[in-house]
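A look at the structure
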Amino acid sequence: MEQKGQHMGPNEAGEFVASRAGDLGRIVGSSDGQRVKAIMEQDADKLKQAVQSGDMATLKQTFDHLMQTQEGSRLIGEIQKMMKKG
């Protein structure tokens, strides 16, 4: 699968996730993944509404906040490494 910078279309993202399900499961199941999940669950309703309405500002703010945490930064780093291998 050819990557276009850091932007993937929905089909490309779906193919990537399907091809890397085991790796993603390991990352999400890690202690960092569980901590990030707990952070995101605190704002689950707000995030769900933002996704449904296409509120990119709220989504960006949430992910910017996650990247400022040690766990979020490590988790995103792991996902980025995985994407470069693909």
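Here the residue index of a chain counts from 1 through its sequence in written order. Reporting of local features is limited, given that this is a predicted model, to residues whose pLDDT is at least 70; pairs of side-chain atoms are given and counted only at 80 or more, and all residues count toward the totals for whole chains, interfaces and linings. Each side-chain value is worked out from all heavy atoms of the structure, with water and hydrogens disregarded.

The helix and strand tally for the protein chain stands at 6 helices and 0 strands. Strands here mean DSSP runs of E at least two residues long; helices mean DSSP runs of H or I at least four residues long; both are numbered from the N terminus. For the protein chain, the α and β elements follow one another from N to C terminus as α-α-α-α-α-α. Remark: exposure states derive from per-residue accessible area (1.4 Å probe, protein chains only) relative to the maximum for the residue type, with buried under 20%, exposed over 50%, and partly exposed in between. Split into buried and exposed, the 86 residues of the protein chain put 22% on the buried side. We call two residues contacting when some pair of their heavy atoms lies within 4.5 Å. The contacts of the protein chain with a sequence gap of at least 6 include a subset with a gap of at least 24, amounting to 56%.

A few words now on the side chain of Thr58. Structurally, Thr58 can be placed in helix 5 (residues 56–67). Those residues in contact with Thr58, other than ones at most four positions away along the chain, are Lys46 and Ala50.

Moving on, we come to the pattern of salt bridges. A carboxyl oxygen of Asp or Glu within 4 Å of a side-chain nitrogen of Lys or Arg is what we treat as a salt bridge. Scanning all chains against the criterion turns up 4 salt bridges. Arg35 is the salt-bridge partner of Asp32, the closest N and O atoms lying 3.8 Å from each other. Of this pair, Asp32 and Arg35 both sit in helix 3 (residues 31–42), 3 residues apart, which is roughly one turn of the helix. Take Asp32: its relative accessible area is 12%, and that puts it in the buried class. Under the relative-accessibility criterion, Arg35 is labelled partly exposed at 42%.

Looking at the secondary structure, you find Lys48 in helix 4 (residues 44–53). In sequence terms Lys48 and Leu59 are 11 residues apart; their C-alpha atoms lie 9.6 Å from each other.

When you line up the elements, Glu71 lands in helix 6 (residues 70–85). Buried and unpaired, Glu71 has Arg35 as its nearest opposite-charge partner, separated by 4.1 Å. Setting aside chain neighbours within four positions, we find Glu71 in contact with Asp32, Arg35 and Val36. We treat Lys and Arg as the positive residues and Asp and Glu as the negative residues; His and chain ends play no part in the count.

Looking now at the nonpolar core. Ranked by size, the top nonpolar core spans 7 residues in total: Phe16, Leu24, Ile27, Val36, Leu66, Leu75 and Met82. Contributing elements (two or more residues each) for this core: helix 2 (21–29) and helix 6. Beyond its immediate stretch of four places on either side in the chain, Ile27 contacts Gly33, Leu75, Glu78, Ile79 and Met82. Nonpolar core, defined: a set of buried Ala, Val, Leu, Ile, Met, Phe, Trp, Tyr and Cys residues in which side-chain atoms within 4.5 Å join the residues together.

Orientation is described by lines fitted to C-alpha atoms, with helices fitted over the stretch in contact, and by angles between N-to-C directions that extend from 0 to 180 degrees. Running from N to C, helix 3 and helix 5 cross one another at 145 degrees; their axes reach a closest spacing of 11 Å. Like other packed secondary-structure pairs, helix 3 and helix 5 cross with a definite hand, here right-handed. Counting all contacts with helix 3, which are made through Val36, Ile39 and Met40, the residues of helix 5 involved are Phe63, His65 and Leu66. Here the contact of helix 3 with helix 5 is built from residues that sort into 5 nonpolar, 1 polar and no charged. Working rule for handedness: look at the near helix, and if it is turned counterclockwise from the far one by less than a right angle, call the crossing left-handed; if clockwise, right-handed. Charged means Asp, Glu, Lys or Arg here, nonpolar means Ala, Val, Leu, Ile, Met, Phe, Trp, Tyr, Cys or Pro, and polar covers whatever is left, Gly included.

By themselves, these are just geometric observations and shouldn't be taken as functional.
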